[in-house]
Amino acid sequence: MKKSIKSVLAKSLAVAMAFSLAGIAPTSDAAAKKPTLTKKVTVTVGKTKTVKVTSKKKVKKTTWSLKKGGSKLVSLSKKKAKSVVVKGKKKGSTTLTARIKVGSKTYKKKCKITVKKAATVTAKPTAKVATPTPANANNGGNGSKATPTPCPWVGKITTKKGVLTVDEDASYNIPLTELNETTATSASKRSSDSDPVTESTVFNRDGSVTFTSSKDYNSGVSFYINPCTSKDQLEANEDNEEIKTFANGMKDVSEYDYIRVKLTSEGEMNMRTYGDISQFVSSAFPGSSSSETYEGGWILPTEGTEDSIFTAQTELSAGMGVKEEYKTRTIFIPMTLLTSKGMNPEKLEAIAFSPQSTGVEVTLHRVDFVKVKYEKPVTGLEVSAAKTEIAPGKTTTVSAKVTPADATRETVKWTSSDEAIATVNFQGTVIAKQKTGEVTITATSTDGSNVSGSVKIKVAEPTEEPVEITTHKVDLTKVVAKANTSSGTVDATKKSDAIEFEAGASMTYVDMAEYLANNDLDLSKYTSLDVTWEVRDAEGNKVTDYADDANKPGYGHIAYNPTKLLDGHSTGIDTNYTGEDDTAKDKSYFASPYTGETCKLVIAKTNPAELETVTGFNLQLEKLPATMKIVITDITLTK
């Protein structure tokens, strides 16, 4: 054995000496001709760098891929056989892998990519720079009365009710200044060890603010509704003395019809409102907002452009890209849209804007609350109640039908004749107190016409014995089921044993409003609403476990909602309600998108006031391969 080893070593040494004497390194010609790849690059957020392949032989093809999670840090474009362009999106490091095909062989090479954030510049306002706000009495403490910097502004909006004209004398401007930025997003007001909310924030001399997002959906700026005018108005928060908050940022904005926003952004935007400081100060931004809306539901002032503003071709990490001609745009957000999502306009503290994607630069030019001119005033109000008799502690809802049907402003103000018997909120939810008796709930128009209507509600102890309710299996062919896709709303295929949504559609919803009414079904009489669903592939096979599939669907959620929020993506009602002091919205999430899961709305754990409004649910997966589809196999009311 020893002789054998010695023999091998001797032969190896002889070969090495032969190469050495000939002046030739002991490597093969093939090794010398292997392709090489740029070993490492450093790129700034928002900027690009090119990674190149070098090869003496012709490169047939190169397949480029990023390490898991790398797409959140960089994007790849202009993929060619010998190069690829890398764009920085978020600070961090990742690895780019190139599979390079030369001749009949494929070589695997790697490049380390480091993304550094852009330099942060904060241009603090000086006494010589006036905040560009309209000089009108409605701005209460808004700052200088100097003429604002010119800003192209849209004063008309096309809606289903016709072309509406903004009453510019009645607009209310939100100063986009560092002083008025809330603790939740202002770097100067947050503790030194707090995580940055944006990559950079610049307060421009023309009154606009520019920032670059550092993460999907939850990176932006936020401002008080009632503006800060002096740093003396900042007070220490009781929970954390390092965090400073403005104690008087709340304002009643219920008189306004729209929020008008002029902005510049290459991606779809997201907006949140807050009704209390604690909603966003007690936790990291974005906290627990009172409402949240996506730009896909906002209104462009020109009719016919709502479906064409976005482009399907985008390298953004989340949300939709915006066509070049709409990168700078003015948008109107209906106040009724925000109130339907939970915002109380009578007590609004702050407003926040953020893009849906990482690494997007946004400029907010101006934000106004506006009224429109009421060309068609309300002439009549017909008020009705879902229940005209309720027990102490129970709830009902009231609604107002206006005349004419196309009145410019349909918003009404609700009041109770005796709040010791029952109260009513801005949404028309009536809550009975422990005192019994009869109360009058009145709706009054808010367009200046002062038209009113009312309904009487009796609060009394229940006298009837409870009725035994049996389990009700919903007829899947009788409900409304749709998928919200990039090309529009698509009807699902309904069968007696399944509702099948379009392949690749990840945002779906079922509307049971008409079904519940036709079958006289009251959700509050049941124990739970159960939804069983699964994912099927192109051949109709059940996808029982796709944990190891590279193209697996992402996680998602189910959200139980009123009809007006059945759109595939809106968040739902509180599914873990603990009483009047409970302001958190614990939605019904499922963490793993495995097929055959049954999602439950447990009736006993929901807010009674919100349960009254439920007519269906949104069922959404974060992503879904184009070959797979969501299938609902059962909807059952159980007791």
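This one's a predicted model, so the numbers in the text were calculated from it and none came from an experiment. (Residues numbered from 1 in each chain as written. Predicted model: local features only at pLDDT ≥ 70, side-chain atom pairs only at ≥ 80, totals over all residues. Heavy atoms only, no water.)

A.B. asks: Honestly, the overall build of the protein chain in this entry has me stumped. Any pointers?
C.D. replies: If you tally the helices and strands in the protein chain, you get six helices and 44 strands. Restricting to contacts in the protein chain with at least 6 residues of sequence separation, those with at least 24 account for 71%. As presented, the protein chain carries roughly 32,500 Å² of accessible surface, and 49% of it is formed by carbon and sulfur atoms. (Helix = DSSP H or I, 4+ residues; strand = E, 2+ residues; numbered from the N terminus. Contact = heavy atoms within 4.5 Å. Areas by Shrake-Rupley, 256 points an atom, 1.4 Å probe, with all protein chains shown as cover.)

A.B. asks: I would appreciate a short explanation of the sheet that holds strand β27 (residues 395-403) in the present structure.
C.D. replies: The strands making up a sheet are joined through hydrogen bonds of the backbone, oriented either antiparallel or parallel. Spatially, β25-β27-β30-β29 is the arrangement adopted by the four strands of the open sheet, whose pairing is antiparallel. Each having just a single partner strand, β25 (380-385) and β29 (422-424) make up the two edges of the open sheet. Direction aside, neighbouring strands of the sheet carry axes that sit 25 degrees apart on average. (Pairing = 2+ DSSP bridges. Axes fitted to C-alpha atoms, helices over the stretch in contact; angles between N-to-C directions.)

A.B. asks: Honestly, the pattern of salt bridges in this entry has me stumped. Any pointers?
C.D. replies: Side chains that carry opposite charge are capable of pairing whenever their charged atoms lie near each other. Counting across every chain of the model gives 19 salt bridges. In this structure, the salt-bridge partner of E295 is R329, at a minimum N-O distance of 2.6 Å. Taken as a pair, E295 in the loop between β19 (291-294) and β20 (310-311) and R329 in strand β22 (residues 328-334) lie far apart in primary sequence, 34 residues in all. In terms of burial, E295 and R329 fall into one category: buried. We note a salt bridge from D522 to K387, for which the minimum N-O separation is 3.7 Å. Taken as a pair, D522 in the loop between α5 (513-518) and β39 (528-536) and K387 in the loop between β25 and β26 (389-390) lie far apart in primary sequence, 135 residues in all. (Salt bridge = Lys/Arg side-chain N within 4 Å of Asp/Glu carboxyl O. Buried < 20%, exposed > 50% of the residue type's maximum accessible area, 1.4 Å probe, protein only.)

A.B. asks: I would appreciate a short explanation of the packing of aromatic side chains in the present structure.
C.D. replies: What describes a pair of aromatic rings is the distance from one ring centre to the other and the angle between the planes of the rings. For the structure on display, the rule yields six aromatic pairs. Where Y172 meets Y256, the ring centres are 6.3 Å apart and the plane angle is 35 degrees; that geometry is what we call tilted. Placement of Y172 in strand β11 (residues 172-173) and of Y256 in the loop between β16 (244-246) and β17 (258-264) is noted, with a sequence separation of 84 residues between them. Note on Y217 and Y294: the rings are 6.2 Å apart at their centroids and 80 degrees apart in plane angle, and the pair reads as edge-to-face. (Phe/Tyr/Trp six-rings, centres within 6.5 Å; stacked < 30°, edge-to-face > 60°.)

A.B. asks: Explain the confidence of the model for the protein chain to me, please; I cannot follow it from the model alone.
C.D. replies: When pLDDT is low, close inspection of the predicted coordinates is not appropriate. Summarising the model, the protein chain shows a mean pLDDT of 80, and 79% of its residues fall at 70 or more. Per-residue pLDDT stays below 50 along residues 120-151; that stretch engages in 54 contacts with residues further than four places along the chain or on separate chains. In this model, residues 236-242 is a region of pLDDT below 50 whose contacts with residues beyond four sequence positions or in other chains number 10 contacts. (pLDDT = per-residue confidence, 0-100.)

A.B. asks: Help me understand unusual backbone geometry, please; the structure alone is not making it clear to me.
C.D. replies: Excluding glycine, residues mostly have negative phi values, and the peptide bonds linking residues are mostly trans. Cis geometry marks the peptide bond from T403 to P404; its omega dihedral reads 0 degrees. Looking at the element boundaries, P404 is found in the loop between β27 and β28 (412-416). Of note in the backbone geometry, K78 takes a positive phi value of approximately 50 degrees without being a glycine. Considering the arrangement of structural elements, one finds K78 in the loop between β5 (74-77) and β6 (83-88). Phi at D520 is positive, roughly 50 degrees, even though this residue is not glycine. Position of D520 relative to the elements: it lies in the loop between α5 and β39.

A.B. asks: Can you walk me through the environment of A503 in this structure?
C.D. replies: Note on placement: A503 falls in the loop between β37 (499-500) and β38 (507-511). Classification of A503 by relative accessible area gives partly exposed; the value is 39%. For the pair formed by A503 and R536, sequence separation is 33 residues and the distance between their alpha carbons is 9.0 Å. Other than its neighbours up to four places away in sequence, A503 contacts A626, M628 and K629.

A.B. asks: Is there a simple way to think about the sheet that holds β6 in this case?
C.D. replies: Within the open sheet, the four strands sit side by side as β1-β3-β6-β5. Their pairing is antiparallel. In this open sheet, the two strands that pair with only one neighbour each are β1 (36-37) and β5. Across five bridges, the pairing between strand β3 (residues 48-54) and β6 is antiparallel. Bridge pairing in β6 places V51 opposite V84.

A.B. asks: Can you help me understand the side chain of R260 in this one?
C.D. replies: Inspection of the secondary structure puts R260 in strand β17. Here V154 takes part through its backbone oxygen, which lies 2.7 Å from a polar atom of the side chain of R260. Excluding its chain neighbours within four sequence positions, the residues that come into contact with R260 are W153, V154, G155, V166, E168, T330, I331, F332, R366, V367, D368 and V370. (Polar contact = N/O pair within 3.5 Å; in protein donor to acceptor, adjacent residues only side chain to side chain.)

A.B. asks: How should the pairing of strand β43 (residues 616-621) be read in this particular structure?
C.D. replies: For a regular strand, side chains alternate in direction, first toward one face of the sheet and then toward the other. Taking burial as the measure, the six residues of β43 include six buried ones, the bulk of the element. Residues G616, N618 and Q620 point to one face of β43 and F617, L619 and L621 to the other, with burial holding for every one of them. Two elements, β38 and β43, share five bridges in a ladder whose sense is antiparallel. Bridge pairing in β43 links M507 to Q620.

A.B. asks: Hey, could you run me through the nonpolar core in this one?
C.D. replies: Nonpolar side chains in soluble globular proteins tend to end up buried together. Core analysis: the biggest nonpolar cluster contains 38 residues, and V510, Y560 and I632 have the highest contact counts within it. Elements represented by at least two residues in this core include exactly β34 (480-485), α5, β39, β40 (556-561), β42 (598-602), β43 and β44 (629-638). In this view, I632 contacts L476, D497, A498, I499, F501, V510, V531, T532, W533, F617 and L619; residues no more than four positions away in its chain are not counted. Core analysis: the next-biggest nonpolar cluster, separate from the first, contains 36 residues, I174, Y326, L338 and V367 among them. (Core = buried A, V, L, I, M, F, W, Y, C linked by side-chain atoms within 4.5 Å.)

A.B. asks: What exactly am I supposed to notice about a positive patch on the surface here?
C.D. replies: Side chains of K58, K60, K61 and K101 sit close together on the surface and give a patch of like positive charge. Turning to its location among the elements, K60 is positioned in strand β4 (residues 59-66). (Patch = residues over 30% accessible without salt bridge, like charges linked within 9 Å, V, L, I, M, F, W, Y side chains within 5 Å. Lys, Arg positive; Asp, Glu negative; His and termini not counted. Charge placed at Lys NZ, Arg CZ, Asp CG, Glu CD.)

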